[in-house]
Amino acid sequence: MPEYAVERRDRESIRELQADRLRETVARAYENVPFYREALDEAGVSPDDIDSVEDVRELPMTTKEDFRDEYPDGLFAVDDEEVRRIHASSGTTGKPKIVGYTDGDLDVWSEVVARSLSASGVEPGDTVQNAYGYGLFTGGLGLHYGIEELGATVIPIGGGQTQRQVEILQDLGSDVISCTPSYALYIAETAEGMGIDPTDLDLSTVIFGAEPCTEPMRREIEERLGVTGIDIYGLSEIIGPGVSNECHEAQDGLHIWEDHFLPEVVDPATGEPVEEGEEGELVLTTLTKEAVPVLRYRTGDLTTLDYEECECSRTMVRMDNVTGRADDLLIVRGVNLYPSEIESVVLEFDDVAPYYRIDLDREDELDTMKLSVELAEDFDGDRGETREEILTRLENVLSFTPDELRLAEPGELARTEVGKVKRVFDNR
Ligand SMILES: [Zn+2]
C-alpha cells in the first residue's frame, strides 16, 4: 500500500508548510483576482502580512453568493489557456458555481483522492466501481483519476442503471463501490429484488459522500451489504471529493489533507472562530490551488475539529462526519431541527426501512410537519404501536413530534438513482 509521508509529518512542520503556502495563495489571489484584491485592500491585509497560519483570521471570507456574483469565471486567477478542465456545482437555485483546474490542480486532486482511497483501505490492484455521476459534477471524474493514480482499476459506470450496477458488482467482482449513501442502500435493495444476497458479493468497502450520512445509516449500509462504510468529503468550490476522508483503521473522523486545505471552524452566526473542539461551520482555504484559489470559504457544513493523534498514526486533523448543513436547519414553530436528527431517531427502529421524507407546510399561519417513514419489508408488527413508539422516541430525544406521522408501505417512498437524495419538501 502506498505511504503518503506527508500524512504523518509532525504538526509543527505541517503548520510551517501551511504558512508558506497560505502566503503564496494570498499573493496569487491578490495579484490575479480583482475580487480578492478589493476585499484584501478593504480588510487592510497584504500578502506580506501573512507570517503564520493564525493570520488566516485576518483574511476576508468567501461565500457561495460570491461564486454566483462572479459567475462564470470572475474568481479565476489564471489565463484561459492554462485552464485544463471546468466543473460546476449544480445549484438548485440560480446559476451554478463554475470552477476551473490547471494541470497542477488536476495533479493535486488525483493525489488527494488517491490518498483518500488509500485511507479507506483501497489497495493498488483493487477494482473500484465508480457510481458517482460523471460530467460537470466533480464526483465522477474526481474519483476516477484518483483511482487510477492509486493504481487501482476503475469501472466508470456512473450513477443509475441499478440492475446493471448489481450485475457488474457480481460479474467483475468489484472490491469497492463509490456512491451516495442513499444509493448504496438502493443497490442493496435492488440486489435483493434480483434474488442476490448483497453480502455474498466480493464487495468489501463502500466509499460514500455527497450526502450527509448519520451513524445509523452507515450501520445499515454496512450490514445490508456486508462492507466497511467509509465517508469521503469534499466540495467543488475547494476541489471536489478528496478534501478529507475517514481512515479505515479508526473510522472516527475524516483526516483533512492539510498540506492542501486549511480548515477553521467558526460560529455560523458571527463568523468568529469557536473554541477548539466546539461545533461550528467549517471554513476552508485552499493552499495550492492555481486556477481558483479560495480564501476562507464558508462551506455551510457543521463539524468539529480534532487534533488528537489518530490510532492510524496519521497526524492530520480530523473533522467530524458532517450530518448537518447550516442551510438544512429546519425551524418549525420556533423549534430548531436538523433532518439528520430525525433520521437518527427513526433509523433506531428495526421495523423502519432507511427511507423517509419530511413535508413542511403552513396552515393558518402555523407551520406543520408531516413525517413519512417507510416500513421494513418484513414488518409484521402492530402499526398503531409502532407509530406510538416512534412518536414517543422523537418527543424524548428531540422534544418535538410531527403533526402527522405516516407509515408508508415498503418500497413506496421515492428512491434516488442519480444525484443527491431529496428528503425535505418545504412548501411554506
Ligand atoms: Zn486515522
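The name an unreviewed UniProt entry assigns to the protein chain is Phenylacetate--CoA ligase PaaK, from the organism Halosegnis marinus. UniProt annotates the protein chain under Subunit (unreviewed entry) with the comment "Monomer." If you open the UniProt record of the protein chain and go to Pathway (unreviewed entry), you find "Aromatic compound metabolism."

Draft legend 1. Structural view of the coordination of the zinc ion. Around the zinc ion, the protein supplies C247 (SG), H255 (NE2), C310 (SG) and C312 (SG) as donor atoms, at distances of 2.1 to 2.3 Å. Coordination at the zinc ion is tetrahedral, judged from the 4 donor atoms that bind it and the angles of 100 to 114 degrees they form at the metal. Each donor residue of the zinc ion belongs to the same chain, with the gaps between them written as C-x7-H-x54-C-x1-C. Pair check on accessibility: C247 and H255 agree, each one buried.

Draft legend 2. Examining the sheet that holds strand β9 (residues 254-256) more closely. Reading across from one edge, β4-β3-β5-β6-β7-β8-β9-β14-β13 is the order of the 9 strands in this open sheet, with mixed pairing throughout. Where the open sheet ends on each side, the last strands, each with one partner, are β4 (153-155) and β13 (305-306). Across 4 bridges, strand β7 (residues 228-235) lies against strand β8 (residues 240-246) in antiparallel orientation. Its bridge partner being in β8, I232 is matched across the sheet by N245. Packed on one face of the sheet, helix α7 (residues 181-193) meets β5 (176-179) and β6 (205-208) and runs near 125 degrees to β5.

Draft legend 3. Here's a closer look at α7. End to end, α7 covers 19 Å across 13 residues, agreeing with the expected 18 Å (1.5 Å per residue, within 8%). Taken across its 13 residues, α7 has 11 buried, putting it largely inside the fold. Those residues of α7 not exposed but buried are P181, S182, Y183, A184, L185, Y186, I187, A188, E189, T190 and A191.

Draft legend 4. Layout of the packing of helix α1 (residues 11-32) against helix α2 (residues 34-43). For the pair α1 and α2, the least separation of the axes is 5 Å and the interaxial angle reads 110 degrees. The orientation of α1 relative to α2 falls into the category roughly perpendicular. Each of V26, A29, Y30, E31 and N32 in α1 lies in contact with α2, whose residues at this interface are P34, Y36, R37, L40 and D41. For the contact of α1 with α2, the class distribution of residues is 6 nonpolar, 1 polar and 3 charged.

Conventions and cut-offs
Residues numbered from 1 in each chain as written. Predicted model: local features only at pLDDT ≥ 70, side-chain atom pairs only at ≥ 80, totals over all residues. Heavy atoms only, no water. UniProt positions renumbered as here; feature names shortened; annotations may be inferred. Donors = N, O, S within 2.8 Å, 3.2 Å for Na, K, Ca; no water. Tetrahedral: all angles 85-135°; square planar, octahedral: opposite > 155°, others 65-115°. Buried < 20%, exposed > 50% of the residue type's maximum accessible area, 1.4 Å probe, protein only. Pairing = 2+ DSSP bridges. Helix = DSSP H or I, 4+ residues; strand = E, 2+ residues; numbered from the N terminus. Contact = heavy atoms within 4.5 Å. Axes fitted to C-alpha atoms, helices over the stretch in contact; angles between N-to-C directions. Expected span 1.5 Å × (residues − 1). Parallel < 35°, antiparallel > 145°, perpendicular 65-115°, else oblique. Nonpolar A, V, L, I, M, F, W, Y, C, P; charged D, E, K, R; others polar.

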